[in-house]
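Letter by letter, the chains look like this.
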Amino acid sequence: MLTSKISKVGKVVICGAKGVGKTAILEQLIYGNVSIDSELHSTIEDTYVASVDTGKGSRDMLRIYDTAGLQGNVQLPRHYLLYPDAFILVYDPSDPASLDMLAGIKSDIDKYKEKKEMIIVVIANMRSRQIRATGPTPVESNLNRANNWCARERIKHYAVNAMERASLYEPFIQLAIRLYPTQTKSTFPQLRQLTQKTSKVDNS
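This section reports on the structure supplied with the text. (Residues numbered from 1 in each chain as written. Predicted model: local features only at pLDDT ≥ 70, side-chain atom pairs only at ≥ 80, totals over all residues. Heavy atoms only, no water.)

Right, let's get into the side chain of asparagine 142. Relative to the helices and strands, asparagine 142 is located in helix H5 (residues 138-153). Excluding its chain neighbours within four sequence positions, the residues that come into contact with asparagine 142 are Tyr91, Pro93, Ser94, Asp95, Pro96 and Leu99. (Helix = DSSP H or I, 4+ residues; strand = E, 2+ residues; numbered from the N terminus. Contact = heavy atoms within 4.5 Å.)

Our focus in this paragraph is the packing of aromatic side chains. For any pair of aromatic rings, the description rests on two quantities: the centre-to-centre distance and the angle between the ring planes. Tallying each qualifying case throughout the model produces two aromatic pairs. With a centroid separation of 6.5 Å and 55 degrees between ring planes, the pair formed by tyrosine 31 and tyrosine 48 is classed as tilted. With tyrosine 31 in helix H1 (residues 22-31) and tyrosine 48 in strand S2 (residues 45-53), this residue pair connects regions lying 17 residues apart in the sequence. Taking the centre distance of 5.2 Å and the plane angle of 75 degrees together, the rings of tyrosine 65 and tyrosine 83 count as edge-to-face. In this pair, tyrosine 65 sits in strand S3 (residues 58-67) while tyrosine 83 sits in the loop between helix H2 (79-82) and strand S4 (86-91), placing the two residues 18 residues apart along the sequence. For tyrosine 83, a relative accessible area of 28% puts it in the partly exposed group. (Phe/Tyr/Trp six-rings, centres within 6.5 Å; stacked < 30°, edge-to-face > 60°. Buried < 20%, exposed > 50% of the residue type's maximum accessible area, 1.4 Å probe, protein only.)

Before going further, it helps to examine the layout of surface pockets. If you add up the space inside the largest pocket, you get close to 520 Å³. Lining the largest pocket are 26 residues, and of these Gly19, Val20, Gly21, Ala24 and Leu40 lie nearest its centre. Within the residue set of the lining of the largest pocket, elements represented by two or more residues are H1 and helix H4 (128-132). Sort the elements by how many residues they give to the lining of the largest pocket and H1 lands first, with three residues. Here the residues of the lining of the largest pocket are counted per class, giving nine nonpolar, 13 polar and four charged. (1 Å grid on protein atoms, 1.4 Å probe; cavity = no way out; pocket = protein on both sides within 12 Å on 5 of 7 lines; lining within 4 Å. Points joined across faces, edges and corners; volume = space filled by probe spheres on them. Nonpolar A, V, L, I, M, F, W, Y, C, P; charged D, E, K, R; others polar.)

Quick look at the packing of helix H3 (residues 96-112) against H5 now. In the contact formed by H3 and H5, the axes pass within 10 Å of each other and the chain directions differ by 10 degrees. The angle between H3 and H5 places the two elements in the roughly parallel class. Residues Pro96, Leu99, Asp100, Leu102, Ala103 and Lys106 of H3 form the contact with H5, whose own contacting residues are Asn142, Arg145, Ala146, Trp149 and Glu153. In terms of residue class, the contact of H3 with H5 is built from six nonpolar, one polar and four charged. (Axes fitted to C-alpha atoms, helices over the stretch in contact; angles between N-to-C directions. Parallel < 35°, antiparallel > 145°, perpendicular 65-115°, else oblique.)

Such coordinate-based values are descriptive only and should not be taken to indicate function.
Structural data, given as structure tokens:
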């Protein structure tokens, strides 16, 4: 809705192994201009701003920091772990190493955020050939492994296709909803009044 007012801005870091499609997901989500023939260069660092309509009558802004793909034992730079409100971890289900890397990233997030509950979303970037595949495949095995890991870690897991823009909406809308839950009407004045009455009774 064009009339929806923009309210808050959430800081989100998207990360994962090199070549899993992080930039393609963001370019497709925000601009809708990615195709199989698109030429995307390796990201060093970039920032995107997405205006998300969560159906609450206002649009929530996500400032998404696109990071360089990780390789080998390289860790996510520490400054990315300190300021975000949420993380999006992306992997390629045809590459088990890219899924294994997410466990290390999640461990680093937990370490730097200590016991603060952090919103984390895991995205499997399916390729067209993977979606068309039939019968048991390594991709299905990795998806099942990811589902089990996410269930243990209590993380939301989504399978998307960067070439299909509509498949990208749900994880980002759900992320915005979790960052900015609907506020219920405050009953604080009544609560305070009730507390005062209770105190008088206790003191009598």
